[in-house]
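# Residue-level structural notes
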Amino acid sequence: MKNSLAALALMLSSIAHAADTAAPMDQVQIYTPRGTLVSVPSFRIYMASGYAPSPKNIESLKASSLAPGSLRLVSFDPAKNNKNLLLCRVSFPVYGPNKTPFASLIEAGLNLELAESGLALPDAPRVQATLDEFDFASFGTGKWIIGATFAIDGKPPLVIKNEYTYPVSGGAANGCGDVMKALSAGVESFLQKLYADPRFVEFAQ
């Protein structure tokens, strides 16, 4: 368990930034989410920073009425949504940290917060989850939209959808940079909504 959580922490703490100093003619070919091959300047490829467990979320979990060591960890199904790429302003690729699938980012952040709060029950069967939506808006009011479904044995699925808003700049470079800066807060906000849901106690073994 300790080795697994250490690996998750290492993944979440790794930060990869867009190479703003790359030569303008340095082109990279990528496949868009629709499978189209396009060429973009390497300095317009954005890599999101990792999500560090939120002290605010951890304190909220500790203050809850849930018993220590009572909550199952979560496993997202990569076969249902293994996306690791979004497009900003139509053309500029946005990847998760180290090109990690976005579902893995949410899974790791959630499980680390459960572990650090002392609520995790590591040896129990995991709650199975699906990442239904992971997207953003970079025009007007910026938004990170995250939605997921959690399958709880013998009960209806728990569906959580959250929108986190933030200001965005007008230009593409600054606007896409604002998207990346807001990702961590968007994940934190999604997890806050999950923990606040009355049915979150159903994660208990």
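You'll find the structure just up there.
A short tour of the structure in this document, coming up.

Parameters and conventions
- Starting afresh in each chain, residues are numbered from 1 along the sequence in its written order.
- Totals for whole chains, interfaces and linings use all residues, but because this is a predicted model, local features are given only for residues with pLDDT of at least 70 and pairs of side-chain atoms are given and counted only at 80 or more.
- Side-chain descriptors were evaluated using all non-hydrogen atoms of the structure, hydrogens and water having been removed beforehand.
- As used here, the term nonpolar core means buried Ala, Val, Leu, Ile, Met, Phe, Trp, Tyr and Cys residues forming a set that is joined through side-chain atoms within 4.5 Å.
- Throughout this description, buried means an accessible area under 20% of the type-specific maximum (1.4 Å probe, protein chains only), exposed means over 50%, and partly exposed covers the range between.
- A helix here means a DSSP run of H or I that spans at least four residues, while a strand means a run of E at least two residues long, and both kinds are numbered starting from the N terminus.
- Under this definition, polar contacts are N or O atom pairs within 3.5 Å; protein pairs additionally need one hydrogen-donor-capable and one acceptor-capable atom, and for neighbouring residues in sequence, both atoms have to be side-chain atoms.
- Pairs of residues are marked as contacts when any of their non-hydrogen atoms sit within 4.5 Å.
- At least two DSSP bridges between two strands are needed for those strands to be called paired.
- Each axis is a line fitted through C-alpha atoms, taken for helices only over the stretch in contact, and angles between the N-to-C directions span 0 to 180 degrees.
- Roughly parallel means an angle under 35 degrees; roughly antiparallel, over 145; roughly perpendicular, 65 to 115; everything else is oblique.
- Three classes are used: nonpolar for Ala, Val, Leu, Ile, Met, Phe, Trp, Tyr, Cys and Pro, charged for Asp, Glu, Lys and Arg, and polar for all others, with Gly counted as polar.

### What to know about the nonpolar core
- With 47 residues, the main nonpolar core has F76, F134, W144, F150, L194, F200 and F203 as its most contacted residues.
- Secondary-structure elements contributing two or more residues to this core are β5 (74-76), β6 (85-88), β7 (92-95), α3 (102-116), β9 (127-137), β10 (141-151), β11 (158-167) and α4 (172-196).
- The leading source of residues in this core is α4, at 10 residues.

### Observations concerning the side chain of S117
- Looking at the element boundaries, S117 is found in the loop between α3 and β8 (120-121).
- There is a polar contact of 3.4 Å between the side chain of S117 and the backbone nitrogen of L119.
- Aside from chain neighbours lying at most four places away, what touches S117 is I58, L61 and K62.

### Points about the sheet that holds strand β3 (residues 46-47)
- Taken in spatial order, the three strands line up as β3-β7-β6 in an open sheet, and their pairing is mixed. Each edge of the open sheet carries a strand with a single partner, namely β3 and β6.
- Relative to β7, β3 runs parallel, the two sharing two bridges. Its bridge partner lying in β7, Y46 is registered against V94.

### Section: the packing of helix α2 (residues 55-62) against α4
- Their axes nearest at 10 Å, the elements α2 and α4 cross at an angle of 10°. Judged by the angle between their axes, α2 and α4 are roughly parallel. Residues K56, N57 and L61 of α2 pack against E188, L191, Q192 and Y195 of α4.
- In the contact of α2 with α4, the residues fall into three nonpolar, two polar and two charged.

All quantities given are derived from atomic positions and should not be read as evidence of function.
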